[in-house]
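Structural description and commentary
The lines below spell out each chain.
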Amino acid sequence: MGSKMKKVLHHILILIIFSFCFLSNARADVTSQHVWNKLRFFITATGFELTATEIQKNNELKIKNLIFSKSISPKNYDQDVQISLSFSSLLFRQNDSGTVTILLPKQVQIKVQSKSPATQNLNLAISYNQNKTAIQVSGTPKELFYKYKAKIGRLELEGLTVNGINFSQFDLFAHVDLEEISIDSSTTKSTTYNFINALNFDKVSYSTGIHTANSTLNLTGEISNFLIANNLRIPFSKNVENSADFLAAGTSLDTSWQYDSRILSFVSKEVDKDGSYKRESTRGSGNLKLNHETIKLFFESIGTDLLLSHDDLPLSVGIQLKKIATKILLPLFSDSNVDPFSLKFELTDVVMSEILWALFDENGVLPRTPISLLLNLNGKTKFSFSDLKSAIWATQTASKQFPVGVEELTLQEFHLSGADAAVSSSGNFEFDNSDFHTFEGLPRPTGQLEVKAQGIDTLLDRLNQIGLIPQAQALGIQMMLPLFTTSGSVDDELKMLLEVTKSGKILTNGQRIR
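Small disclaimer: the values here were computed from a predicted structure and weren't measured.

**What to know about a negative patch on the surface**
- Taken together, E270, D272, D274 and D311 make up a surface patch of like negative charges.
- Mapped onto the elements of the fold, D274 is located in strand β15 (residues 273-290).
- With relative accessibility at 35%, the residue D274 sits in the partly exposed group.

**Brief notes about a nonpolar patch on the surface**
- Taken together, L359, F360 and L468 make up a surface patch of nonpolar side chains, about 310 Å² in accessible area.
- For F360, the location among the structural elements is in the loop between α4 (354-358) and β19 (371-383).

**Regarding the nonpolar core**
- Counting 40 residues, the largest nonpolar core has L90, F92, I102, Y148, I181 and F201 as its most contacted members.
- Judged by nonpolar contacts, the second largest core, of 10 residues, contains L366, I456, L463 and A474.

**Topic: the environment of E158**
- Here E158 lies in strand β8 (residues 143-162).
- Placed 49 residues apart in sequence, E158 and Q109 show a C-alpha to C-alpha distance of 9.2 Å.

**Quick notes on the packing of aromatic side chains**
- This structure, assessed with the given rule, holds five aromatic pairs.
- Taking the centre distance of 6.0 Å and the plane angle of 85° together, the rings of F48 and F68 count as edge-to-face. Pair noted here: F48 is in the loop between α2 (32-45) and β1 (49-57) and F68 is in strand β2 (residues 60-72), with a separation of 20 residues, a long-range link.
- Residue F48 is classed as buried on the basis of its relative accessible area, which comes to 5%.
- An angle of 55° between the planes, with centres 5.8 Å apart, marks the rings of W357 and F360 as tilted.
- The exposure class assigned to W357 is buried, which follows from its relative accessible area of 5%.
- The partly exposed category is assigned to F360, whose relative accessible area is 31%.
- A cation over an aromatic ring shows up here: R514 above the ring of F439, its NZ or CZ 4.3 Å from the ring centre.

Procedures and definitions
- Residues numbered from 1 in each chain as written.
- Predicted model: local features only at pLDDT ≥ 70, side-chain atom pairs only at ≥ 80, totals over all residues.
- Heavy atoms only, no water.
- Patch = residues over 30% accessible without salt bridge, like charges linked within 9 Å, V, L, I, M, F, W, Y side chains within 5 Å.
- Areas by Shrake-Rupley, 256 points an atom, 1.4 Å probe, with all protein chains shown as cover.
- Salt bridge = Lys/Arg side-chain N within 4 Å of Asp/Glu carboxyl O.
- Lys, Arg positive; Asp, Glu negative; His and termini not counted.
- Charge placed at Lys NZ, Arg CZ, Asp CG, Glu CD.
- Helix = DSSP H or I, 4+ residues; strand = E, 2+ residues; numbered from the N terminus.
- Buried < 20%, exposed > 50% of the residue type's maximum accessible area, 1.4 Å probe, protein only.
- Core = buried A, V, L, I, M, F, W, Y, C linked by side-chain atoms within 4.5 Å.
- Phe/Tyr/Trp six-rings, centres within 6.5 Å; stacked < 30°, edge-to-face > 60°.
- Lys NZ or Arg CZ within 6 Å of the ring centre and 35° of its normal.

Written as structure tokens, this is what we have:
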């Protein structure tokens, strides 16, 4: 279901955003009617059809059988997708203080149906359950403020059928429990609908599983003190069929999150063979910024422990990570035609259990020092397409040309250490994308790279001793190293300066090797 499934998941995400925005933003101004009008306008302005029955009585407005839905028939695909979100009733109650209280139903239903002339059909039903919850709405006609609080809420899978196969026969279940929910939001309307909200959950726990005749699979997890902050801008456009349309029309998202602890556990049970996987983190955080020009992503996890056990393993396998972090900046489209990108990946103090070391070093020849990795690079890219949609969809694939070329690449820092050895490097290269002949199909680079290595000679001896590198290869490498490196200021340290000239020459420490 490839691309078609991506479209379905994309619109499910939109519905989830609508649900949270609605549950946290079904806000008011002065009257109940005004709050309802704002909500109705938002739903229809974003391309959804709305059906409901309105009943006005004194200072209360009751909305019965509220359903908003959307049919999607993507071009170039024979798939028809129907998405709907339904509420049995909503009660808007006018307060003497000039605010509005919205009483919510106990259950909200989300349904996704996908059909095609082929056999790729999907029926998905999800419910959100809550007890005695309400939204307090205040503000002015131009800016509304919402407060949503609930002791507990649950998202639950009600049914899943794919290509005629009903997964209830496998006892499939999935649910997410939210405890002590607090959502504060504000919404404004200009040329776009702007949502700013903060979501707080004391605890988020989830569980899913499936059972067959010979096996049982269960996945559970828990996140404590989970905080999310969002700033979402959505344009008023009905001509939205895919992610590119949303972004090109002006949609932008800035979301950040953090948590105090996270636990994930996976358990499998088969005939005479059981296994489990567990991951724990003491804290973590992240940020995602997305618009039609760039995507920025950052996340880190502190104090991560991984534990794997299985009946086929003699002992449990464990890995501890002090820190793992990733930071990415990627251009999507801009008028400048040349855009920056960056990537930073950090893995700090990885400690492996002895059973992993023993797989290739049972006698303890290699020092068990922690392993660390740092990769930090940035550069500039040049686009060969004129709009965002041509990059995402099939416009470029027909010409079999990659629409992005690297103009410049800077290695700010690379560092890899472990087993009493370390390698670090930095450098910069510029690329001539008009010359693919000098280096046979690759854009011609110009620049230099500095490399420093510590303990490599000793490491080669140890790798040979444990049989990972044959003695002849180890000696060959040790004999070749002086041709490309120079001795450093301390024992067992090597340095190398690699240069690529404009004429295509390659030099190491001033000596030409190409």
